[in-house]
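Structure at a glance
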Amino acid sequence: MPFLVSIALVAFGLFIRLRIMESPVFAQIKETRSEVKIPVVELFRGDLKNVLLAAGLYLAHGVIFYALTVYTVAYTTSRFGIAENRYLIGVSAAAALQIFLVPFFGRLSDHLGRRPVITFGTIFITVFAVPLYFMINSQVTVLAWLAVMIGIGIGHSAVYGPTAAFYTELFPARVRYSGASISYQLGGAIAGFVPLIATSMVGAAGGAFWPIPMLIAIAALIGLLCVTLATRAREEEPVAEPATSS
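Thresholds applied
Residues numbered from 1 in each chain as written. Predicted model: local features only at pLDDT ≥ 70, side-chain atom pairs only at ≥ 80, totals over all residues. Heavy atoms only, no water. Patch = residues over 30% accessible without salt bridge, like charges linked within 9 Å, V, L, I, M, F, W, Y side chains within 5 Å. Areas by Shrake-Rupley, 256 points an atom, 1.4 Å probe, with all protein chains shown as cover. Salt bridge = Lys/Arg side-chain N within 4 Å of Asp/Glu carboxyl O. Helix = DSSP H or I, 4+ residues; strand = E, 2+ residues; numbered from the N terminus. Core = buried A, V, L, I, M, F, W, Y, C linked by side-chain atoms within 4.5 Å. Buried < 20%, exposed > 50% of the residue type's maximum accessible area, 1.4 Å probe, protein only. Contact = heavy atoms within 4.5 Å. Axes fitted to C-alpha atoms, helices over the stretch in contact; angles between N-to-C directions. Parallel < 35°, antiparallel > 145°, perpendicular 65-115°, else oblique. Left-handed = near helix turned anticlockwise from the far one by under 90°. Nonpolar A, V, L, I, M, F, W, Y, C, P; charged D, E, K, R; others polar.

Turning our attention to a nonpolar patch on the surface. Taken together, the side chains of I38, V40, V41, F44, L48, L52, L186 and I190 make up a nonpolar region of the molecular surface, amounting to roughly 650 Å² of accessible area. If you list the elements that add at least two residues to the nonpolar patch, you get α3 (39–46), α4 (48–80) and α9 (176–191). Per-element tally for the nonpolar patch: the top contributor is α3, with three residues. Following the sequence through the fold, I190 ends up in helix α9.

Moving on, we get to the nonpolar core. Counting 50 residues, the largest nonpolar core has L57, Y87, F166, I212 and I216 as its most contacted members. Mapped onto this core, the elements with two or more residues apiece are α4, α5 (84–112), α6 (114–137), α7 (141–160), α8 (163–170), α9, α10 (194–204) and α11 (211–229). Not counting chain neighbours up to four residues away, the residues in contact with I212 comprise A67, Y71, A198 and V202.

Each pair of packed helices can be summarised by the angle the axes make with each other and by the distance between the axes. Where α4 contacts α7, the two axes come as close as 9 Å, and the packing angle between them is 160°. Comparing the axis directions of α4 and α7 gives the class roughly antiparallel. In the packing of α4 onto α7, the handedness of the crossing is left-handed. Of the residues in α7, those touching α4 at L57, A60, H61, I64, F65, L68 and T69 are A147, V148, G151, I152, H156, V159 and Y160. Broken down by class, the residue content of the contact of α4 with α7 amounts to ten nonpolar, four polar and no charged.

Here is the structure:
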């Protein structure tokens, strides 16, 4: 049923897309007929560094998301005997928080800049990895709920909220769609292996949970490095991020 209902969402998205105007930069490209015939080739030739950095940034929010919403569900059930549906209450609560916090952090990045907000998120995830370990291992359901609500609601949202705008601002208009899409999907493909990697790491640690917060913190630090090194494309168009944060 959810997949069938999504047909309406696709139709709604298409309706909106057909009615919005192109940005001045894209309109200029069409007017001057300066479209790139093979954007992927042009992208890898001139912006490969930003592609890799943007993919690395995805790990900051992707790893904690998959670790807490996928792997930890199985871990708390098999290790501590917490009913799967009980832990999922915390996941659902975190998702409900994100309805408000993802737009909030996205809007905040319009005022403070993408980089400062994302940097806060990556640092928060890194620091929170320590209390996260103790909260999950406490075997107290409420603390497990709080762990996923704080980790996903604040840490993940702070990085994820400005991501769409930050990705598009990394690439010049002629390869912007390809750059943002390929970077995001590449990062997602790597982060998608988190449950498998987490299972292997916990198995090697004799069933202990500590490798998971360590993995989350390392991924956040990678994201912090990537957002620091990434350079925004220079376009003759207004952008939300202040020039001082580039």
